[in-house]
Amino acid sequence: MRGNGTTTVWNEGQKPLTFEWKRGSMFSPPINTWHQHFNGSGAEPVRYVALTNAPAVFNMFHSHEFIMDNPFRFKERFDGDTEFFSGKGTSRPGLVWESNFIPDIVNLNLHEFSVKGPGLRQVEMELSSNTLSSHLNDSPVGVYKKAHRHGPGAYIIVLGGRGYTLMWREGQKWQRFDWGAGSMMSPPNRWFHQHFNLGRENIRQLALKGWGQKFPIGGWEQMFKSTETGGDMIEFEDEDPAIREMYVEELKKEGLELKNLPVTYRKHA
Ligand SMILES: [Fe+2]
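As the structure is a prediction and not an experimental result, all values here were calculated from the model. (Residues numbered from 1 in each chain as written. Predicted model: local features only at pLDDT ≥ 70, side-chain atom pairs only at ≥ 80, totals over all residues. Heavy atoms only, no water.)

Caption draft 1: Representation of helix α3 (residues 241-253) in the model. An ideal rise of 1.5 Å per residue puts 18 Å on 13 residues; α3 measures up with 19 Å between its terminal C-alpha atoms. Burial in α3 covers these residues: Pro-241, Ile-243, Arg-244, Met-246, Tyr-247, Glu-250 and Leu-251. Residues of α3 that are buried make contact with β13 (163-168), β14 (175-179) and β16 (192-197). One side-chain oxygen at the N-terminal end of α3 lies 2.9 Å from the backbone nitrogen of Ala-242; it belongs to Asp-240. (Helix = DSSP H or I, 4+ residues; strand = E, 2+ residues; numbered from the N terminus. Expected span 1.5 Å × (residues − 1). Buried < 20%, exposed > 50% of the residue type's maximum accessible area, 1.4 Å probe, protein only. Contact = heavy atoms within 4.5 Å. Polar contact = N/O pair within 3.5 Å; in protein donor to acceptor, adjacent residues only side chain to side chain.)

Structure below.
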């Protein structure tokens, strides 16, 4: 998020590996490796955001010693490879960029992803063979995305743009949350959430989440299937018309127009 520096990673008995990072970099120390961060500046603080599944692991094993004092080496994930954090990566199906180090996510290639909304572009990031993953998306001015829902533990960081999100539990009234660059939110377990761009620039959201596509832990494809066919995404045709009406009103106040395609509602009059 801010600053620059280096991180050193090592397994017991192996040569430590050091790499540099700066604002916009993203990486994951491989599971159960030692790692140490160094601020590269003598004057400016560093700020970073990290996602960990430590609470779930503690809940499962409830042994501090087993988790924190365990020498087990996951050799198939990291065995001292000196190129590990070189920044190389591979594009995979499902909009995935698989790597261990992303020097600058701002320059990462995004792919067309209109299944969730018009003009939406996205890239999924899979780092260090983790179960956890992340994605970055970019959404244009004057459009909103479809609502969807999933399990808990997704954290959305707004990198750029401003707007609001509606969130609701099935059968309940939605709540509105306004945000801008630097905001962070986490949709509760199985709550629908839907994002709206209210600004004059594209929205950029980074999401850190407890699941990915490489080692899926259930339900991935449900998020992009219509609720009408048993999935967890509400098509524009199936949503409450008040949602779009409200957005059109909000855009008007900003001197902006709706760019989503016209919709014919299937159930709601
Ligand atoms: Fe989501």
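Caption draft 2: Region of the structure containing a nonpolar patch on the surface. A grouping of Met-1, Val-49, Tyr-155, Leu-159 and Met-184 is seen on the molecular surface, where their side chains present a nonpolar patch of about 410 Å² in accessible area. Relative to the helices and strands, Tyr-155 resides in strand β12 (residues 155-160). Residue Tyr-155 is classed as partly exposed on the basis of its relative accessible area, which comes to 33%. (Patch = residues over 30% accessible without salt bridge, like charges linked within 9 Å, V, L, I, M, F, W, Y side chains within 5 Å. Areas by Shrake-Rupley, 256 points an atom, 1.4 Å probe, with all protein chains shown as cover. Salt bridge = Lys/Arg side-chain N within 4 Å of Asp/Glu carboxyl O.)

Caption draft 3: Highlighting the domain arrangement of the chain. Annotation of the chain at the domain level lists domain 1 (1-86) and domain 2 (88-260). When each unit is reduced to the centre of its C-alpha atoms, the spacing between domain 1 and domain 2 is 27 Å. Every contact between the two is made by 21 residues of domain 1 and, on the other side, 22 residues of domain 2. Together, the buried faces of domain 1 and domain 2 total about 1800 Å²; carbon and sulfur atoms form 61% of this surface. Counting the contacts that link domain 1 with domain 2 gives two salt bridges. The partner of Asp-104 in a salt bridge is Lys-22, and the shortest N-O contact between them spans 3.7 Å. Scanning the region where domain 1 abuts domain 2 turns up eleven residue pairs in polar contact (both at pLDDT 80 or more). Only β2 (17-22) and β3 (26-27) provide two or more residues apiece to the side of domain 1 that touches domain 2. Here the side of domain 1 that touches domain 2 takes four residues from β2, the largest share from any one element. (Domains from an automatic or database assignment. Buried area = accessible area lost by both parts, 1.4 Å probe.)

Caption draft 4: Representation of the coordination of the iron ion within the structure. Within the protein, the iron ion binds to His-148 (NE2), His-150 (NE2) and His-193 (NE2); these donor distances fall in the range 2.1 to 2.2 Å. In terms of primary sequence, the donors binding the iron ion are separated according to H-x1-H-x42-H. In this pair, His-150 is assigned in the loop between β11 (147-148) and β12 and His-193 in strand β16, connecting sequence segments 43 residues apart. Exposure remark for His-150: the relative accessible area of 10% places this residue in the buried category. (Donors = N, O, S within 2.8 Å, 3.2 Å for Na, K, Ca; no water.)

Caption draft 5: Local environment of the side chain of Thr-8. As for its position among the elements, Thr-8 is in strand β1 (residues 4-10). Here Thr-8 falls in the buried class, since its relative accessible area comes to 11%. One polar contact links Thr-8 to Thr-18, side chain to side chain, over a distance of 2.8 Å. Not counting the four nearest positions on each side in its chain, Thr-8 is found in contact with Pro-16, Leu-17, Thr-18, Trp-34, His-35, Gln-36 and Phe-38.

Caption draft 6: Representation of the nonpolar core. Ranked by internal contacts, the top residues of the largest apolar core, which has 16 residues, are Tyr-164, Leu-166, Trp-168, Phe-196, Ile-243 and Tyr-247. Only β13, β16 and α3 provide two or more residues apiece to this core. No other element matches α3, which puts four residues into this core. Apart from the residues lying within four places of it in its own chain, the contact partners of Tyr-164 are Arg-176, Phe-177, Asp-178, Trp-179, Gln-194, His-195, Phe-196, Leu-198, Met-246, Tyr-247 and Glu-250. With twelve residues, the next largest nonpolar core counts Ile-105, Leu-127, Ile-157 and Leu-206 among its residues. (Core = buried A, V, L, I, M, F, W, Y, C linked by side-chain atoms within 4.5 Å.)

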